[in-house]
Amino acid sequence: MEENGSGRDRLRELLDAVLDEDNRTLGEMAEDAYASPYHFARRLRRDAGEPPVAMRRRVELERAAWRLRGGTSVTEAAFAAGYESVEGFSRAFARAYGEPPSAVRSGGPRDHWLPAPNGIHFHPPTSLWVDAGEAGGPAGDPVTEQLVGHDLDDTRALLDVAKGLSREQLERVLLPGNRVLAWDGEEPSLAAVLENHVHAKEVWLAAIEGLDTPARGDGDLSLLSERHDAVAPRWLAMVRDVDRRGAWGDRLVDALCEPPESFLLGEVVGHVLTYAAHRRQLARMLLRTLGVAVDDGDPIMWSRTRSDR
């Protein structure tokens, strides 16, 4: 990913700043990369599909898992990974791997990897491994990759635009009685449309990953943006994994439904993309009604912009 004409691999420089032993905070990473924290985080999310702090945390957990498999104690692994307590490390590790660090046993060369949207993983002893199946352009079907990538980037752009509105504007009833899907309830305001748009991916991923039904937000747009940033790389990684395995016909039994219902994974992605596109255009219409200038959200323009980077 060399910058045009400069001879510099700027993304590589940013990744180095993320993984430098001395950089523990976003501010320290950005300073090391000679960038503002805002532009540093935005560039990493754009080019690597993962916020820098989340990437560092994941890679540190991968390194900890590798060390544990080599006989390192839980305490040593915890402090080497930057955690202030063994308890905090153990909780994070169990959430990521589904087992406590004390249960780790020896495994294969990639058994310490966690799901990643970009193929970037810890590779012993101190380097990274970029898996070709996960990174560097479409993992499989380019149309699916474009549809999913555009949806995620466009959602982030809309959330950024909406942050300039007041709480009253966000919650103003502009579409009384509007229902996109019956089980989601009414969506009469911009806040409601954006909430259900982000929540849809959270719910489907919870079903796919066997988690509890995620809670809805309280209308705080900053928190909604954080939720989108958290769910976007997980959603992209899931779609790429399904595509890579050719698992579109795999069947999901959704225990979150009452009663439980089964869906094909291809149906799930198609469903989410269909209603995501509808809600994004609803959001644009509501933003314009509130006097905010906004683009058309054209995937052609999005694709051209990406190719110019």
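These remarks concern the structure in this document. (Residues numbered from 1 in each chain as written. Predicted model: local features only at pLDDT ≥ 70, side-chain atom pairs only at ≥ 80, totals over all residues. Heavy atoms only, no water.)

### Observations concerning the side chain of Lys201
Turning to step 1, where the next piece is worked out: Within the element layout of this structure, Lys201 appears in helix H9 (residues 190-209).
Turning to step 2, where the next piece is worked out: Judged by relative accessible area, Lys201 falls into the buried class, the value being 3%.
Turning to step 3, where the next piece is worked out: Excluding its chain neighbours within four sequence positions, the residues that come into contact with Lys201 are Asp151, Leu152, Val231, Trp235, Val272 and Ala276. (Helix = DSSP H or I, 4+ residues; strand = E, 2+ residues; numbered from the N terminus. Buried < 20%, exposed > 50% of the residue type's maximum accessible area, 1.4 Å probe, protein only. Contact = heavy atoms within 4.5 Å.)

### Notes on the packing of helix H7 (residues 142-162) against H9
Turning to step 1, where the next piece is worked out: Packing of H7 against H9 brings their axes to within 12 Å, and their N-to-C directions diverge by 150°. It follows from the interaxial angle that H7 and H9 lie roughly antiparallel. Crossing angle aside, the handedness with which H7 passes H9 is left-handed. Here Asp151, Leu152, Thr155, Leu159 and Ala162 of H7 come into contact with H9, specifically with Leu190, Leu194, His197, Val198 and Lys201. (Axes fitted to C-alpha atoms, helices over the stretch in contact; angles between N-to-C directions. Parallel < 35°, antiparallel > 145°, perpendicular 65-115°, else oblique. Left-handed = near helix turned anticlockwise from the far one by under 90°.)

### Digging into the nonpolar core
Turning to step 1, where the next piece is worked out: In terms of nonpolar packing, the biggest core is built from 22 residues, with Ala162, Leu165, Leu170, Leu190, Leu194, Leu221 and Leu287 touching the most fellow members.
Turning to step 2, where the next piece is worked out: Those elements that place two or more of their residues in this core are H7, H9, helix H10 (221-245) and helix H11 (265-289).
Turning to step 3, where the next piece is worked out: Setting aside its immediate chain neighbours within four residues, Leu170 contacts Ala162, Leu165, Ser189, Leu190, Ala191 and Leu221.
Turning to step 4, where the next piece is worked out: In this structure, Leu236, Val269, Val272 and Leu273 belong to the second largest nonpolar core, which totals 20 residues. (Core = buried A, V, L, I, M, F, W, Y, C linked by side-chain atoms within 4.5 Å.)

### Concerning the pattern of salt bridges
Turning to step 1, where the next piece is worked out: Applying the stated criterion across every chain yields a total of 24 salt bridges.
Turning to step 2, where the next piece is worked out: For Asp154, the salt bridge identified is with Arg284, shortest N-O distance 2.6 Å. Residue Asp154 is located in helix H7, and its partner Arg284 is located in helix H11; the two are separated by 130 residues in the primary sequence.
Turning to step 3, where the next piece is worked out: Owing to a relative accessible area of 1%, Arg284 belongs among the buried residues under this scheme. (Salt bridge = Lys/Arg side-chain N within 4 Å of Asp/Glu carboxyl O.)

### Quick word on the packing of aromatic side chains
Turning to step 1, where the next piece is worked out: For the structure shown, the criterion picks out four aromatic pairs.
Turning to step 2, where the next piece is worked out: Seen from their ring centres, Tyr83 and Phe89 are 5.5 Å apart, and the 65° between their planes marks the pair as edge-to-face.
Turning to step 3, where the next piece is worked out: Judged by centre distance (4.5 Å) and plane angle (25°), the ring pair of Phe93 and Tyr97 falls under stacked. Linking Phe93 with Tyr97, this pair stays in helix H6 (residues 86-97), spanning four residues, or about one helical turn.
Turning to step 4, where the next piece is worked out: Among the aromatic residues, those joined into a cluster by ring pairs are Tyr83, Phe89, Phe93 and Tyr97. (Phe/Tyr/Trp six-rings, centres within 6.5 Å; stacked < 30°, edge-to-face > 60°.)

### Considering the side chain of Glu60
Turning to step 1, where the next piece is worked out: Relative to the helices and strands, Glu60 resides in helix H4 (residues 52-69).
Turning to step 2, where the next piece is worked out: Given a relative accessible area of 6%, Glu60 falls into the buried group.
Turning to step 3, where the next piece is worked out: A polar side-chain atom of Glu60 sits 2.8 Å from a polar atom in the side chain of Arg63.
Turning to step 4, where the next piece is worked out: In contact with Glu60, not counting residues within four places along its chain, are Arg24, Ala80 and Ala81. (Polar contact = N/O pair within 3.5 Å; in protein donor to acceptor, adjacent residues only side chain to side chain.)

### Details of H11
Turning to step 1, where the next piece is worked out: An ideal rise of 1.5 Å per residue puts 36 Å on 25 residues; H11 measures up with 36 Å between its terminal C-alpha atoms.
Turning to step 2, where the next piece is worked out: Directly beyond the C-terminal end of H11, a positive phi value near 85° is found at Gly291. (Expected span 1.5 Å × (residues − 1).)

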